[in-house]
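# Fold and contact review
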Amino acid sequence: MLKVTDLNAYYGEAQVLEDVFISVDQGQVVVMFGPNGHGKSTLLKSICGLVEKVQGRIEYKGQNINGLATEKIVNMGITYIAENRELFPHMTVMENLKLGAFSKNARPYEKNNLGRVFSLFPLLKNRQKQVASTLSGGEARMLAVARGLMSNADFLCIDEPSLGLQPSLRHEIFSTIKQINKQGKTVLLVEQNIPQIAELADRIYVMEEGQISFEGNKDEALNNESLKEIFLGM
Amino acid sequence: MIFSEDTILFLYEITDVIIAGLSTGSVYALMAVGMTLVYGVTKAFNFAYGDFFNMGGYFAWILIFGLGLQFGGYLTILVIVMPLMFVVGYGLEKLMVAPLRKREDWENKVMMLTLGLALFLSSLYTVVFGVRMKSLPPILEGTLEVGQLVFAYQDIMIFFMSLGGILLFGWMLNNTRTGMAVKAVAQNPTGAKIVGIPKERIFAFTFAISTVMVGFGGILLSQKWFINPNSGGTIMIKAWVVTAFGGMGSIRGGLYAAFIIGMLEAFVGWLFGMSYGMIALFILLLATLVLRPQGLMGKGE
């Protein structure tokens, strides 16, 4: 479904990604591990057209999408759920969700998706009229994921959903992602703080210093001596 | 008799001044909202803003006196001029502002560019229309008499039409998909990009809408004042004072500020003469910058 080859990304002069390759098949959950500040977010942002200077090939459903404007990429069914949420602070929960369905591809399914999102996050349904900036960290995170789902995307790039959340809420994220995946969505996930997330993964990548340093399934990852630190040394 | 004759005369005069303040204030509100919108969304300052005010006036003048439009009065004029202003605004944004936005330090470059555009437009107006000022006929002639109070229909029309313009704009912002997208870009440009809002198109749309609003203001106020090819700078400064006084980026602040400043101008004009209006504005601006730099409703940094 998604195939990234020889990807190089830069912020100004600084190279952040170097010859990165990953591949994600339809219906999979692929998890990206690695230390902070080593380029995991940049990879997700590059896929979604949010990084200015990206070289290489990002193939989505057989088409190279590198260089396309974000709105075109969103329209093709890819969405980015940001680690810092990027909500519209002075709008209500409902307005944020409706804007999530802004792309042409999402508009006809707005009502359907709204129903699905509310059954996934009943709390948001009760807070429809609340202004986004007054939500708690966990609620804002839910809203960010929900807004991403409103785009009707088949392919979700989810960036550190547990960031800034109390540990008790982490399990909820785990089960949410499981459920989203069950509904047929493909997920590319960057997640550091939930060791058991690896159980969901069909494939695991580790990124270090802007390069992919490990690729394999979860058994291979768990048996890999040098990766133990990442999974156990939280 | 409870009041002496002098007191009654004084009350009439005060009423006149208040009406004048309300009608100019309402047009200032229209202009300030347009300016705040562009600043809030694109974070760039448009120095040619006042010259679009004159452009609206000149377009109306061409229709009335140049082409001798007879049919439908101001309604026809608005139906023709407003879309025209939109196209001009959209085109200029796409042709001149958008290419700059890809460069470093583009905010300053946009300022320089629009400053140049302002000079160009005022020269163009002088060449095409001459240095002599033009005026537009009132929307509605005559006066409304309530007891012994006399209101010019013109002032009433100006007030309600600008109010209508502002309400329509507010409705569009809150109830249409494009309006919501405009708000989204203003509140969080990255978030807007993530949900697939075409930022470039929203920038151009915002610029175009602000051009329409100030052009509309130009048509309304040119009936009371004159269209002067070189007045763009003064008008821009007024819109800027209203915006700064109200708080950059705050639409509600801009609305309050516009009426306060409209009133201030009317009262200063009545007490000391019209030429003191600008001085009063500058004193107000300086006082704002010293006492409350974020403006009435601005959030401050």
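The coordinates are above.
Residues numbered from 1 in each chain as written. Chains lettered and ligands numbered in written order. Predicted model: local features only at pLDDT ≥ 70, side-chain atom pairs only at ≥ 80, totals over all residues.

The subject of this paragraph is the overall build of chain A. Scanning chain A from terminus to terminus reveals 9 helices and 10 strands. Relative to the globule expectation of 17 Å for 234 residues, the C-alpha radius of gyration of chain A, 17 Å, shows essentially globular dimensions. Relative to its full complement of 234 residues, chain A shows a buried share of 45%. In chain A, the proportion of contacts linking residues at least 24 apart, taken out of those at least 6 apart, comes to 67%. (Helix = DSSP H or I, 4+ residues; strand = E, 2+ residues; numbered from the N terminus. Rg over C-alpha atoms; globule rule 2.2 N^0.38 Å. Buried ≥ 20, exposed ≤ 12 C-beta atoms within 10 Å, placed from the backbone. Contact = placed C-beta atoms within 7 Å.)

Here the focus is the overall build of chain B. Of the regular secondary structure elements, chain B holds 11 helices and 2 strands. For chain B, the N- to C-terminal ordering of α and β elements is α-α-α-α-β-β-α-α-α-α-α-α-α. Its C-alpha atoms give chain B a radius of gyration of 20 Å, near enough to 19 Å, the size a compact globule of 301 residues would have. Seen through its principal axes, chain B has C-alpha atoms that stretch 70 × 50 × 35 Å. Looking at chain B residue by residue over its 301 residues, the buried ones come to 45%. Within chain B, contacts between residues separated by at least 24 positions form 77% of all contacts whose residues are at least 6 apart in sequence.

Put simply, an interface is often sized by how much accessible area is lost when its parts join up. Facing the 20 residues of chain A at the interface are 14 residues of chain B. Of all elements in the fold, only helix H2 (70-75) and helix H3 (93-100) of chain A reach the threshold of two or more residues within the side of chain A that touches chain B. The element best represented in the side of chain A that touches chain B is H2 of chain A, accounting for 4 residues. Grouping the constituent residues of the side of chain A that touches chain B by class yields 10 nonpolar, 6 polar and 4 charged. (Nonpolar A, V, L, I, M, F, W, Y, C, P; charged D, E, K, R; others polar.)

This part is about the nonpolar core. Ranked by size, the top nonpolar core spans 150 residues in total, and within it Leu143, Ala146, Cys157 and Leu189 of chain A together with Met31, Ala32 and Val33 of chain B carry the most contacts. Per element, the largest residue contribution to this core is 14 residues, and it comes from helix H8 (residues 199-221) of chain B. Excluding anything up to four places from it in sequence, Cys157 of chain A contacts Leu44, Ile47, Cys48, Ile78, Thr79, Tyr80, Ile81 and Leu188 of chain A. (Core = buried A, V, L, I, M, F, W, Y, C linked by C-beta atoms within 7 Å.)

Moving on, we come to the sheet that holds strand S5 (residues 63-64) of chain A. To summarise the sheet geometry, strands pair through backbone hydrogen bonds and adopt either a parallel or an antiparallel arrangement. The strand order across the open sheet built from 4 strands is S2-S1-S4-S5 (chain A), with neighbouring strands paired in antiparallel fashion. Only two strands of the sheet have a single partner each, and these edge strands are strand S2 (14-24) and S5 of chain A. (Pairing = 2+ DSSP bridges.)

All names here are of chain B. Checked against the element boundaries, Phe245 lands in helix H9 (residues 232-246). Classification of Phe245 by C-beta neighbours within 10 Å gives buried; the count is 27. Separated by 16 residues in the primary sequence, Phe245 and Ile261 have C-alpha atoms spaced 9.0 Å apart. Setting aside residues up to four positions removed in sequence, Phe245 forms contacts with Ala257, Ile261, Leu284, Leu285, Thr288, Gly295 and Leu296.

Further remarks concern unusual backbone geometry. The phi dihedral of Asp6 of chain A is positive, around 45°, even though this residue is not glycine. Mapped onto the elements, Asp6 of chain A comes out in strand S1 (residues 2-11). Take Asp6 of chain A: there are 11 C-beta atoms within 10 Å of it, and that puts it in the exposed class. In this structure, Asp105 of chain B is a non-glycine residue whose phi angle is positive, near 55°. The topology assignment puts Asp105 of chain B in the loop between helix H3 (73-101) and helix H4 (106-129).

Okay, the pairing of S2 of chain A next. All names here are of chain A. Where S1 and S2 come together, 7 bridges link them in antiparallel fashion. By the bridge assignment, Tyr10 is partnered in S2 with Gln15. Between the end of S1 and the start of S2, which pair antiparallel, lie 2 residues, with Gly12 showing a positive phi angle near 65°.

This part covers the packing of helix H6 (residues 177-187) of chain B against H8 of chain B. Residues and elements named next belong to chain B. Interaxial distance between H6 and H8 falls to 10 Å at its minimum, and their mutual angle equals 105°. Classified by the interaxial angle, the pair formed by H6 and H8 is roughly perpendicular. Taken together, the residues of H8 that come into contact with H6 (itself represented by Thr178, Ala181, Val182 and Val185) are Lys199, Ile202, Phe205 and Thr206. Along the lines of polarity and charge, the residues of the contact of H6 with H8 split into 5 nonpolar, 2 polar and 1 charged. (Axes fitted to C-alpha atoms, helices over the stretch in contact; angles between N-to-C directions. Parallel < 35°, antiparallel > 145°, perpendicular 65-115°, else oblique.)

Okay, helix H1 (residues 5-42) of chain B next. Over its 38 residues, H1 of chain B runs 55 Å from end to end, which matches the ideal 56 Å to within 8%, given 1.5 Å per residue. After H1 of chain B finishes, the residue Lys43 of chain B shows a positive phi value of roughly 60°. (Expected span 1.5 Å × (residues − 1).)

A separate point is the environment of Leu119 of chain B. For Leu119 of chain B, the position within the fold is in helix H4. Exposure remark for Leu119 of chain B: the 15 C-beta atoms within 10 Å place this residue in the partly exposed category.

Residues and elements named next belong to chain A. The element strand S8 (residues 186-190) is extensively covered by neighbouring structure, given that 5 of its 5 residues are classed as buried. Side-chain alternation along S8 places Thr186, Leu188 and Val190 on one buried face and Val187 and Leu189 on a second face that is also buried. Bridge count between strand S3 (residues 29-33) and S8: 4 bridges; the pairing is parallel. What sits directly across from Val29, in S8, is Val187. The pairing of strand S7 (residues 155-159) with S8 spans 5 bridges and is parallel. Each bridged residue has a counterpart across the sheet, and for Ile158 the counterpart in S8 is Leu189. Between S7 and its parallel partner S8, the chain crosses via helix H7 (residues 167-182), and the hand of that crossover is right-handed. (Right-handed = clockwise from strand over helix to strand, strands pointing away.)

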